[in-house]
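Structural description and commentary
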Amino acid sequence: MLGLVLTACAPRAQASAALRVENAWARAAAIPVTGAQAASGAETPSDMGGMSGGMGAQTPPASHGAMPGDVSSAVYFVIVNDGNAADTLTGVDCAAADRASLHQTRIVNDVAEMVPVASLVIPAHGRVEFQPGGYHVMLEGLKQDLTVGETIRLSLRFEKGSPLVIDVPVRQP
Ligand SMILES: [Cu+2]
């Protein structure tokens, strides 16, 4: 009853997330001239299996770009929710890489490990920081060099809200 009255008088009282992104940057990376062509089209199913099944088990070390020819990088930003309802970040798309996913770097026994993150809640009136040593967007299988001064386009998918498309400047860490 009360809800009906509020809705009628003040449309903005309806619970919704209002998401924006601050301080986005991508880590500069260069694809080696030799070997890049040979490896660029190679899909590696074992890689994917390791990603999805690696929770708590064997996780790769925190080096971005372990395999030659499969160059990786990472994107960092702050997601700010000015709304009065939480939303959930469920994934990310980036045309500059074969795969884009949510990752978290954690320190376990003095060793940095990266684990996949399926989704991440952005609280109402809250913020979630993606930064080196913590949450990041992992770009694997880069299709192009990430050169300082250029930008790459990233699309963040949310459970309720429409995707946030951002142009991310490339920086040297
Ligand atoms: Cu990562």
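This structure is a prediction, so every number in the text was calculated from the model and none was measured.

1. Structural notes on the coordination of the copper ion
Each protein donor to the copper ion is listed here as His103 (ND1), Met114 (SD), His136 (NE2) and Met138 (SD); together their distances run 2.1 to 2.3 Å. Around the copper ion sit four donor atoms; with metal-centred angles ranging over 95 to 122°, the donor geometry is tetrahedral.

2. Some points on the pattern of salt bridges
Across all of its chains, the model carries six salt bridges by this definition. Here Glu22 makes a salt bridge to Arg20, at a shortest N to O gap of 2.6 Å. Of the charged contacts in the structure, one is a salt bridge between Arg99 and Asp70, with a shortest N-O distance of 3.3 Å. Here Arg99, found in strand β4 (residues 97–108), pairs with Asp70, found in the loop between α3 (45–53) and β2 (73–81); they are 29 residues apart in sequence, far enough to count as distant. Of the two residues examined, Arg99 and Asp70, each falls in the buried class. Salt bridges linked by common partners bring Arg20, Glu22, Asp82 and Arg127 together as one network.

Cut-off values and rules
- Residues numbered from 1 in each chain as written.
- Predicted model: local features only at pLDDT ≥ 70, side-chain atom pairs only at ≥ 80, totals over all residues.
- Heavy atoms only, no water.
- Donors = N, O, S within 2.8 Å, 3.2 Å for Na, K, Ca; no water.
- Tetrahedral: all angles 85-135°; square planar, octahedral: opposite > 155°, others 65-115°.
- Salt bridge = Lys/Arg side-chain N within 4 Å of Asp/Glu carboxyl O.
- Helix = DSSP H or I, 4+ residues; strand = E, 2+ residues; numbered from the N terminus.
- Buried < 20%, exposed > 50% of the residue type's maximum accessible area, 1.4 Å probe, protein only.

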